[in-house]
Every structure is written in structure tokens, then in C-alpha cells.
Amino acid sequence: MIPFRILRTIRTALKALRRNPMRAALTALGIIIGVAAVIIMMEIGKGSSAAIQRTIASMGANNLLIQPGTAASGGVSFGSGSVMTLTPDDAEAVRRECPAVRAVAPMVRARTQVIYGNRNWVPFFIFGTTPDYLEVREWTSLAAGEMFTDSDIRNASKVCVLGQTLVRELFAGASPMGKEVRVQNVSFRVIGVLTMKGANMMGMDQDDILLAPWTTVKYRVTGTSAQTANQSTSSASGQSSGVSQSVNSLSKLYPGQPSLYPVPSASQQANTPLPVRFTNVDQILTAARSGAEIPLALRQITQVLRERHRLRPGEPDDFNIRDMTEMSTTMSSASKLMANLLLSVALISLVVGGVGIMNIMLVSVTERTREIGLRMAVGARGRDILRQFLIEAVVMCLAGGAIGIVLGQGVSKLITFLLRWPTETSIAAIVSSVVVSAGVGIIFGFYPAWKAARLDPIEALRYE
Amino acid sequence: MNVIELHNICKTYHVGELDVPVLKGITLAVGRGELVALTGASGSGKSTLMNILGCLDRPSSGRYVLDGQDISGLSADDRAHVRNNKIGFVFQNFNLLPRTSALENVILPLTYAAEHLTDHQATGRALQLIERVGLADRAHHEPSQLSGGQQQRVAIARALVNRPSILFADEPTGNLDSRTSREVLSMFEQLNREEGITIILVTHDQEVARHARRAIHISDGVIVDGQFGPGAAP
């Protein structure tokens with residue numbers, strides 16, 4: 001009975017709106033403009049914010065650096081990276097099993113001289129890595145040539161990609177493509193040149209870099225881990241490889257590969273049967289899918305690595321993960337600020353639209369006093385009148401909202417097309433503007449409707 | 001059997017600190033099927049009495065029994081319900097909704113009726129009444145396309161659509177010329193004769209009052225002529 005009555009009130013309200021389409025259209029115009037403004041603002045804002053986030057992300061804000069854990073002896077810690085616990089297979093497992101991780105690159109570091117002709121230079125970074133490194137660092141375009149491939153890694157090919165600073169120092173303006181540079185008496189053919197990236201947040205020149213397949217750097221250049229990978233300790237690595245070669249030939253996947261651990265005695269092996277680690281990497285660099293997914297990525301990586309390293313619950317991690325907290329905080333505060341700014345602008349425009357609706361509804365109540373009196377005389381209760389006017393307001397707001405959404409979408413597409421501003425369709429903006437426009441209709445429609453419902457039928461009928 | 005019984009109805013308006021008595025003890029009975037004219041000069045309390053009879057207003061004191069139901073103590077919502085079910089109104093200025101077809105205007109009271117009617121039934125009933133008032137070919141015209149007499153006949157159809165037991169006509173011919181006035185009045189007479197609807201005509205025009213079988217004359221808040229108390233035979 002009651003819903004039926006409301007249904008009829010809705011029909012009455014629709015008929016009343018149809019009787020004066022011009023007035024209804026003008027009233028809805030406030031909401032149309034308000035909602036369209038909201039949609040346009042939100043879409044431009046979201047597009048710009050996404051662009052800003054991409055920019056910050058390319059600075060490495062989403063990057064997570066996995067490093068081996070700390071070795072400690074008698075309470076003396078040797079600092080992060082002093083044990084070798086990370087393997088290329090760990091990197092592979094993280095890539096496979098962590099959905100919050102976008103890209104993974106194992107890294108082998110070296111610090112040594114690079115020689116071309118009669119010039120030499122010690123680049124800040126010599127990284128042995130995989131082609132995914134560029135994706136992790138969002139450094140996808142090359143100035144010339146191309147990145148090495150997975151098959152270069154399998155073959156430990158002697159190829160490299162140079163950063164701009166290194167190119168400038170070694171080649172002095174000439175093209176390095178196809179030239180051979182020497183790194184610790186190993187010849188690398190230059191197959192690509194990176195684009196300029198400039199200094200990072202710490203002021204380190206990111207273009208002072210040489211990238212090569214990690215297998216090449218590991219087995220042909222350093223021969224061991226980063227801690228001993230410089231020219232002065234090359235004799236030490238020679239020693240250790242000499243020991244390992246005679247003991248464990250199973251771990252020799254590549255020529256010149258040293259054993260990672262000192263060979264345990266028979267009784268040691270019987271007491272602590274450790275799985276043999278074939279090879280290690282110095283670091284694994286990963287990128288989370290987005291700033292918001294960094295904590296999730298941290299959890300997933302920790303879980304995968306603890307499982308792979310067979311760590312019992314309660315045992316400390318044998319690795320640690322660093323995130324770029326400062327940068328990701330900057331990123332999230334920038335986007336939060338943007339969202340708040342847009343929200344306040346959107347609210348103001350909707351309130352303006354709502355006040356417009358209230359004005360016209362008040363005028364409409366005055367203008368239709370006789371109609372209200374008549375409806376009351378033929379049996380409408382106060383609440384029937386209230387409902388009718390409220391529904392009229394809400395219908396106008398919702399219709400205005402729908403048109404506003406279409407208009408806003410159209411304009412934002414047009415802006416993208418004409419001005420090449422980045423915009424992004426925002427479902428949240430659409431949903432919230434529908435909810436808000438209905439809310440505006442109820443809130444600003446209520447006072448006029450209440451005024452109408454309180455009219456005295458005798459006075460209303462006599463109103464001229 | 002009386003449709004309307006008034007027992008010592010008083011109505012006093014409060015203007016600032018001043019009490020203005022408008023109705024000073026009206027006692028009246030109207031039997032079912034009567035055609036009554038309520039006459040009086042302006043300011044005599046005629047409109048106030050009409051508003052109380054039409055359940056638009058409440059008396060300050062006294063008892064009003066309409067169709068066997070005591071009305072005097074009802075809330076505004078309940079009075080709306082009574083207006084919808086038992087009373088039809090015809091106004092001097094027709095009060096039709098503009099830009100709305102005659103048919104829609106006639107259906108209007110059914111919108112607020114408690115009883116269940118499908119759209120089809122409601123339209124059928126409205127069309128039947130429009131035919132009854134002789135406007136079958138004008139059902140889809142808007143008020144602006146109708147003459148004054150035609151508009152008033154639409155208003156009569158609207159007043160009858162909920163099958164009320166009593167019809168109030170407040171100066172129904174005040175805005176009509178003499179020829180259409182006669183038409184409308186003869187329609188009232190016909191409805192009263194053929195359908196047995198109780199009709200109360202409020203007017204200051206003696207010509208109009210002559211169409212009624214009984215004229216109640218009110219002056220200065222009391223009935224001076226045509227009064228029949230409850231229980232007295234008309």
C-alpha cells in the first residue's frame with residue numbers, strides 16, 4: 001500500500017516536471033554544470049596525478065632493493081651485504097610468485113677501470129644484470145642501439161650498454177656503438193647507449209654507468225662477490241677459485257666460477273647438511289606495481305625468500321629489503337594533496353548547484369501555491385506534497401547528474417584530444433557525483449518541500 | 001438520514017490580542033440528497049462555514065458529524081483523507097492544473113485515494129465522468145483550450161471522481177456568463193436529481209440560490225433563515 005502510494009507520488013512528480021520542462025531544465029542546469037565540472041576536474045586531476053606519479057616512480061620511488069643479510073661474529077656485525085644469501089633463482093622466484101612486484105633484476109656489482117684506446121675511467125656503477133633492469137628503473141628508452149638479451153646472459157656474452165657520462169669520458173663525442181671497451185682485460189662490445197637520467201636524490205650521477213649481462217660480470221670480471229671485486233683483491237679471488245675447483249665441479253656452470261663457501265669438513269657436512277648454493281648475486285632490485293602496493297610487495301618478497309632460504313619461524317631474515325620511504329612518502333603526499341584540492345573544488349561547485357536548485361524550488365513553491373492548495377483540497381496530505389517536491393528535486397538532480405557525467409566525459413575527452421592533457425576516466429568520480437547530486441537534491445530540496453507541505457489549504461487556494 | 005449535522009459550531013479567529021468571533025453557534029442539519037444554497041453577504045461567515053463543512057478548517061468549538069463520522073477532532077492527515085473520500089469541491093476559479101489535459105485533471109484526486117485502482121480503471125472512471133458532463137470530445141484538451149463553462153464542467157467531473165457523498169460548490173458561477181451559468185446550474189440540478197448527490201452551493205447571488213430547494217441564509221455568524229436542527233424534518 002505505502003510503496004504503491006510512493007510510486008504514484010513519483011509519477012505525479014514526473015508529470016509536474018513535464019508540465020514545465022523549461023523550468024526543470026534551467027534548474028537542472030546548475031547540477032549539470034556542477035557535476036560536469038566535478039568529472040572534468042577529477043579526470044584531469046587523476047590524469048595529472050598519474051603523470052606525476054609516473055615521473056616520481058621513474059626516480060625509483062617504487063623500487064625495493066633486496067640485499068643479503070648481515071654476517072656477525074662474536075657480536076660484531078659486518079654490515080649489510082657481508083654474507084652471500086641471494087641467488088639468481090631467488091630473483092626468478094620473486095618475479096614468479098609475488099604478484100605485487102612488477103619487475104625484478106638481479107644485480108652483480110663491480111668497481112673497476114674501463115679502458116678505451118688511451119682513455120680510461122672508473123664508472124660509479126658497473127652492474128651485471130638482466131634486461132629487466134631498465135624496466136625496474138623505468139629507463140626503457142635507449143639513446144642508441146639496444147639492450148642485451150636473455151640469450152646474452154645465458155652465453156655470458158661480452159656485450160655492454162653505456163651511460164651518457166661514460167660515453168662522454170671515454171669516447172669524447174665519437175659514437176661508441178660497436179666499439180670494444182676493456183674492463184679488467186675483458187673486451188666488451190658496446191651495443192647500446194642509455195638516455196640521460198641525471199643525478200639521483202643523493203646527487204650521484206646515474207649516467208656514470210656500465211650495464212652488462214650479470215653472468216659476464218660475475219664470471220669474467222669480478223670472479224667473486226662485490227666485496228672483493230676490485231683490482232687489488234683479484235689475487236684473493238684467484239686463490240679461492242683455486243681451492244673450489246678441485247673440490248666441487250658440480251657448481252661449475254660457467255667457466256671460472258669460484259666456490260662460494262669454504263669447503264666444509266666431512267663432520268661439518270654431516271652435522272649441518274646445507275643445500276649447495278651454486279651462485280650468488282649481490283643485490284636484487286625489484287619494482288612494486290604502485291606506491292600503494294609497496295607494503296604488500298615487501299610482505300610477499302619476505303615470505304618467498306624465507307621459504308626459499310628455509311628459515312624457521314623466529315629465525316631472523318638472512319636478507320633485508322630497503323624501500324625508498326622518502327620518495328614514496330613524497331609521492332603519496334603529492335597525490336593526496338591533489339585529491340583534496342580537487343575534492344574541495346568539486347564540493348564548492350556542487351554546493352553552488354544545490355543552492356541554485358533550492359532557489360528555483362522556492363520560487364516554484366510560491367508559483368504553484370494554488371496547485372498545492374488544490375491538491376490538499378482533493379485529499380493530498382502534507383507528506384504527499386513533501387514527497388512530491390522532494391522527488392521533483394531529486395529527479396532533477398539525478399537527471400542533471402546523468403547529463404553532467406556525459407558532458408564531463410565528453411569535455412575531458414575533448415581536452416585530451418585538443419590540448420593533449422593527460423586525463424583518466426575516474427569511476428569514483430562518476431559514482432560519487434551521482435550520490436552527491438542525489439544528496440544535493442534531498443538536502444536542498446527539503447526546505448522548499450517542507451515549506452510547501454506546511455501550507456494551509458485555505459490560504460493556498462485563495463493565493464493569487 | 002442526515003449527511004451533515006452541526007451542533008453549536010463556533011469559530012473564533014485570533015488577531016493579535018483581539019478575538020474575532022466569526023461563527024457564533026451554528027446548528028444545522030442537511031439531509032442526504034438535498035440541494036442546498038448557502039447565502040450571505042461577504043463577511044457574514046459564509047466562507048468560514050464552508051471551510052469547516054469542507055473539512056479544510058476546524059471549528060473552535062462544537063461538534064460536526066459528516067456521514068455518521070465525528071469530524072471535529074480529526075488531525076490534518078485524517079481530514080485530508082475525509083476530503084478525498086467524502087467531499088468534492090468545485091471552485092469559483094475552477095482551479096484546474098495548467099498544461100494538464102482534462103483527463104489528467106479529473107484523475108488527480110484518485111492519485112491520493114487510498115483505494116486500489118489500476119491506471120486502466122482510473123482512466124475509465126475519469127472518461128466516464130467527462131462523458132457525463134458532456135466533454136467526451138475534449139478529454140485531451142488542456143484548460144487553456146477550453147471555455148469557462150467547459151473548464152467548470154471538468155472541475156465538476158474532478159469533484160465527482162472519488163464518488164463523494166457531498167459536493168461543495170463555492171460560487172461556481174462567479175466567473176461565468178449568464179448562459180453558461182445556467183448550464184452549470186442545471187448540471188448540478190441534474191446530478192442531484194439523477195444521482196442523489198448532496199450538493200451545497202455557496203453563493204451571494206439570489207438567482208443562483210433560487211435553483212436550490214432550500215436556502216440557508218447566514219448573517220453576522222448566525223443562521224437567520226433556512227435552518228433545520230438535527231432531528232427536525234426538512
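The coordinates are above.
Summarised in this report is the structure supplied together with it. Each chain carries its own residue numbering, running from 1 in the written order of its sequence. Chain labels run from A onward and ligand labels from 1 onward, assigned in the order the entries are written. pLDDT decides what is reported in this predicted model: residues at 70 or higher carry local features, side-chain atom pairs at 80 or more are listed and counted, and totals for whole chains, interfaces and linings draw on all residues regardless.

### Some thoughts on the nonpolar core
As a rule of thumb, soluble globular proteins bury nonpolar side chains together.
Thought 1: Note on terminology: a nonpolar core is a set of buried residues of type Ala, Val, Leu, Ile, Met, Phe, Trp, Tyr or Cys, with members joined through C-beta atoms within 7 Å. Put plainly, a residue is buried at 20 or more neighbouring C-beta atoms within 10 Å of its own, exposed at 12 or fewer, and partly exposed in between, counting only other residues' C-beta atoms, which are placed from the backbone. Ile357 and Ala393 of chain A together with Leu38, Val106, Ile200 and Leu201 of chain B are the most contacted members of the largest nonpolar core, which totals 119 residues.
Thought 2: When residues of this core are assigned to their parent elements, the largest contribution, 14 residues, is made by helix α2 (residues 21-58) of chain A.
Thought 3: With sequence-adjacent residues up to four places away left out, Leu201 of chain B is seen in contact with Ala37, Leu38, Ala169, Pro172, Phe188, Val208 and Ala212 of chain B.
Thought 4: Listed in part, the 55 residues of the second largest apolar core include Met147, Ile153, Leu211 and Ala297 of chain A. Helix and strand definitions follow DSSP, with helices as H or I runs of at least four residues and strands as E runs of at least two, each counted in order from the N terminus. In this description, any two residues whose backbone-derived C-beta atoms lie within 7 Å of each other are considered to be in contact.

### Observations regarding the sheet that holds strand β2 (residues 18-31) of chain B
Thought 1: One open sheet accounts for 4 strands, arranged β2-β1-β4-β5 (chain B); its pairing is antiparallel. This sheet does not close on itself; its edge strands, each paired only once, are β2 and β5 (69-70) of chain B. At least two bridges found by DSSP between two strands are what make those strands a pair.

### What to know about helix α3 (residues 88-97) of chain A
Residues and elements named next belong to chain A.
Thought 1: Listed as buried for α3 are Asp90, Ala91 and Val94. One side of α3 holds all its buried residues, which, seen down the axis, span an arc of 100°.
Thought 2: Elements in contact with the buried residues of α3: β4 (101-110), β13 (283-288) and α10 (294-308). Note that the arc is defined by the directions from the helix axis to the C-beta atoms.

### What to know about the interface of chain B and chain A
Thought 1: Across the contact, 19 residues belong to chain B and 17 residues belong to chain A.
Thought 2: Secondary structure elements with two or more residues in the side of chain B that touches chain A: α2 (76-86) and α3 (102-111) of chain B.
Thought 3: Looking at the side of chain B that touches chain A, the element that brings in the most residues is α2 of chain B, giving 6 residues.
Thought 4: All amino acids are sorted into three groups, where Ala, Val, Leu, Ile, Met, Phe, Trp, Tyr, Cys and Pro are nonpolar, Asp, Glu, Lys and Arg are charged, and the leftover types, Gly among them, are polar. Class assignment for the residues of the side of chain B that touches chain A results in 9 nonpolar, 6 polar and 4 charged.

### A short note on the sheet that holds strand β3 (residues 35-39) of chain B
All names here are of chain B.
Thought 1: The 6 strands lie next to each other as β6-β7-β8-β3-β9-β10, forming an open sheet whose pairing is mixed. Looking at which strands have only one partner, the edges of the open sheet turn out to be β6 (87-90) and β10 (222-225). Strand-to-strand twist in this sheet, taken as the mean axis angle between neighbours without regard to direction, amounts to 25°.
Thought 2: Taken together, the 5 bridges between β3 and strand β8 (residues 198-203) define a ladder with parallel strand orientation. The partner of Ala37 across the bridge, within β8, is Leu201. Between the N-to-C directions of two axes lies an angle of 0 to 180 degrees, each axis being a line fitted to C-alpha atoms and, for a helix, fitted only over the stretch in contact.

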